[in-house]
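What follows is each chain in one-letter form.
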Amino acid sequence: MKLNIIGFTALSAVAVASPVEKRQGGGGDGPYKPGTYKTDSSLQQHTIYLPTNPPADLKLPVLVWGNGGCGADGTSTAQFLQQVASYGYIAIASGGPGQQGSTTSAMMKQSIDWVTQNAGKGAYANVDATKIMASGFSCGGVEAMDQIWDPRVKTIGVVSSGLLTNQTAAKSFKKPIVYIMGGSGDIAYANGERDYNALPAGTPAWKGNINVGHGGTLFDQNGGRFGKAGLNWLQWVFRGDEKAKAYFTSGYSADGWQVQSKSLDNLKAPL
Ligand SMILES: *[C@@H]1O[C@H](CO)[C@@H](O)[C@H](O)[C@H]1NC(C)=O
């Protein structure tokens, strides 16, 4: 009898254990640092990044993220995603922490579906499902572009990437889009340039290149300069942050970016 009770207790303890929050390195430098990551059984095979103790009245916009190589390790870009989370966002990478294998665009759509189902409830009470950005690195950037037709997605981020199969789709892209690229030596350079040039008149777009190659600075602390541009884009489009806006609109070429932009006046932040 006693053994049964002990056994039952141990079993319940396992059943109710909440997913452990983890982080790599410092966890970002934002006001709600550290950004940490965890998993949630309601969204299998994904990694969820959150800020620490954000104020109860702070709404958290959403970044859904596709990894390089369309790989399934949801922590492959942890430095950058923790940085984003530390500024008061929820970021969701396709694939679990350390997961092997690959992802699909459908897994990014699962993240978006999950956000629309869970925003405003329980642990996700602050999540703002009206502010979703889809972004990704390399093959993950293609997964992000695939979401541009989803009305729930407000803006797209393309990091060292360009369309691979339906190569003419960019001529129909109407949503604000940011290209964060690794320079003319990068394997994705030509495709990114082609897509940017194909965007229709009126689509707000910014493209920055720095000659750092494919992965850029994404794996540096807080995502380095790639991370800085990505975070500034979020802060501008979803929070209307003027300083973040100036990073893109002032013809900014500090940080070594070779910049092209178009129709940024059409971007009415906050989206
Ligand atoms: C590319 O084509 C696929 C298949 O038709 C489609 O699901 C996807 O949305 C397209 N991607 C873009 C960026 O248009």
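Residues numbered from 1 in each chain as written. Predicted model: local features only at pLDDT ≥ 70, side-chain atom pairs only at ≥ 80, totals over all residues. Heavy atoms only, no water.

A. Representation of the site of the ligand in the model. As a matter of local geometry, the ligand sits amid Met145, Asp146, Trp149, Leu163, Asn166, Ala169 and Phe173. At 2.7 Å, a side-chain N or O of aspartate 146 approaches a nitrogen atom of the ligand. In isolation the ligand has 360 Å² of accessible area, and contact with the protein removes 54% of it. Of the residues that constitute the shell around the ligand, the class distribution is five nonpolar, one polar and one charged. (Near = heavy atom within 4 Å. Polar contact = N/O pair within 3.5 Å; in protein donor to acceptor, adjacent residues only side chain to side chain. Areas by Shrake-Rupley, 256 points an atom, 1.4 Å probe, with all protein chains shown as cover. Nonpolar A, V, L, I, M, F, W, Y, C, P; charged D, E, K, R; others polar.)

B. Molecular detail of the state of the cysteines. What the rule picks out here adds up to one disulfide. A disulfide bridge connects cysteine 70 with cysteine 139, and the sulfur atoms are separated by 1.9 Å. With the S-S dihedral at roughly -90°, the linkage between cysteine 70 and cysteine 139 falls on the left-handed side. Of this pair, cysteine 70 sits in the loop between β3 (60-66) and α2 (78-86) while cysteine 139 sits in helix α4 (residues 139-145), placing them 69 residues apart in sequence. (Disulfide = S-S within 2.5 Å. Helix = DSSP H or I, 4+ residues; strand = E, 2+ residues; numbered from the N terminus.)

C. Structural context of the pattern of salt bridges. Evaluation of the coordinates by the stated rule reveals six salt bridges. Salt-bridge contacts for lysine 109 lead to aspartate 113; the nearest nitrogen and oxygen are separated by 3.1 Å. With lysine 109 and aspartate 113 both in helix α3 (residues 105-118) and four residues apart, the pair spans about one turn of that helix. Among the residues examined, lysine 109 registers a relative accessible area of 38% and is labelled partly exposed. (Salt bridge = Lys/Arg side-chain N within 4 Å of Asp/Glu carboxyl O. Buried < 20%, exposed > 50% of the residue type's maximum accessible area, 1.4 Å probe, protein only.)

D. Region of interest: the nonpolar core. Residues Ile48, Ile90, Trp114, Ile156, Phe173, Ile177 and Leu199 are the most contacted members of the largest nonpolar core, which totals 36 residues. Among the elements of the structure, β2 (43-50), β3, β4 (90-94), α3, β5 (127-137), α4, β6 (155-159) and β7 (177-181) are those that each provide at least two residues to this core. Contact partners of leucine 199, with chain neighbours within four places excluded, come to Ala170, Phe173, Ile177, Tyr179, Ala205 and Lys262. Trp65, Ala93, Val178 and Phe238 belong to the second largest nonpolar core, which has 34 residues in total. (Core = buried A, V, L, I, M, F, W, Y, C linked by side-chain atoms within 4.5 Å. Contact = heavy atoms within 4.5 Å.)

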